[in-house]
Amino acid sequence: MRKYYGLPLERNKVQFFPMNWTIVHPIIEESPVFGMTREDMLKGEAELFVLIKATEDTFNQSVHSRMSYHAKEMVWGAKYESMIWEKNGMITMDLSKLSDIREVPLTSEYIPDDKYEESEKQAD
């Protein structure tokens, strides 16, 4: 049986779209994924659906985007590289970095270390 949860976001609405935006769901005690490991997500066949609605400026038309990310596609222990930098007073955005990520330590006060280490061994 499938269960669907609306995930509260750090910012669920943007009035004016910035150059880039990372959608963030804080994993706190109220989150349905709180305390879950990669193995838990894989075993439960977790999938994230991302639905975005925006207004296109030129013709004031609604634009919809829908993506799905299965647990097998999720990257753990990584964050996006910045694709924006400032040089000589000019702000530059490098779209070739759109999907670039880097490893970050995956530790949390919400997942006991022994459970995290166990899930890492099973994932390998």
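Participant: Describe unusual backbone geometry, listing the residues and the values that go with them.
Facilitator: Phi is positive for Glu45, close to 50 degrees, though the residue is something other than glycine. The exposure class assigned to Glu45 is partly exposed, which follows from its relative accessible area of 44%. Residues other than glycine seldom take positive phi values, yet Asn60 does so here, at roughly 55 degrees. By the element assignment, Asn60 lies in the loop between strand 1 (47-56) and strand 2 (61-70).

Participant: Lay out the pattern of salt bridges with the relevant residues and their values.
Facilitator: For side chains of opposite charge, pairing can occur when their charged atoms come near one another. Tallying each qualifying case throughout the model produces 2 salt bridges. With its nearest N and O atoms 3.8 Å apart, the salt bridge here joins Glu45 to Arg2. Highlighted residues: Glu45 in the loop between helix 1 (38-43) and strand 1 and Arg2 in the segment before helix 1, separated in sequence by 43 residues.

Participant: Residue-level account of the nonpolar core, with values.
Facilitator: Counting 5 residues, the largest nonpolar core is built from Val33, Met41, Ala46, Ala71 and Met74. When sequence neighbours within four positions are dropped, the list of residues in contact with Val33 reads His25, Ile27 and Met41.

Conventions we followed
- Residues numbered from 1 in each chain as written.
- Predicted model: local features only at pLDDT ≥ 70, side-chain atom pairs only at ≥ 80, totals over all residues.
- Heavy atoms only, no water.
- Buried < 20%, exposed > 50% of the residue type's maximum accessible area, 1.4 Å probe, protein only.
- Helix = DSSP H or I, 4+ residues; strand = E, 2+ residues; numbered from the N terminus.
- Salt bridge = Lys/Arg side-chain N within 4 Å of Asp/Glu carboxyl O.
- Core = buried A, V, L, I, M, F, W, Y, C linked by side-chain atoms within 4.5 Å.
- Contact = heavy atoms within 4.5 Å.

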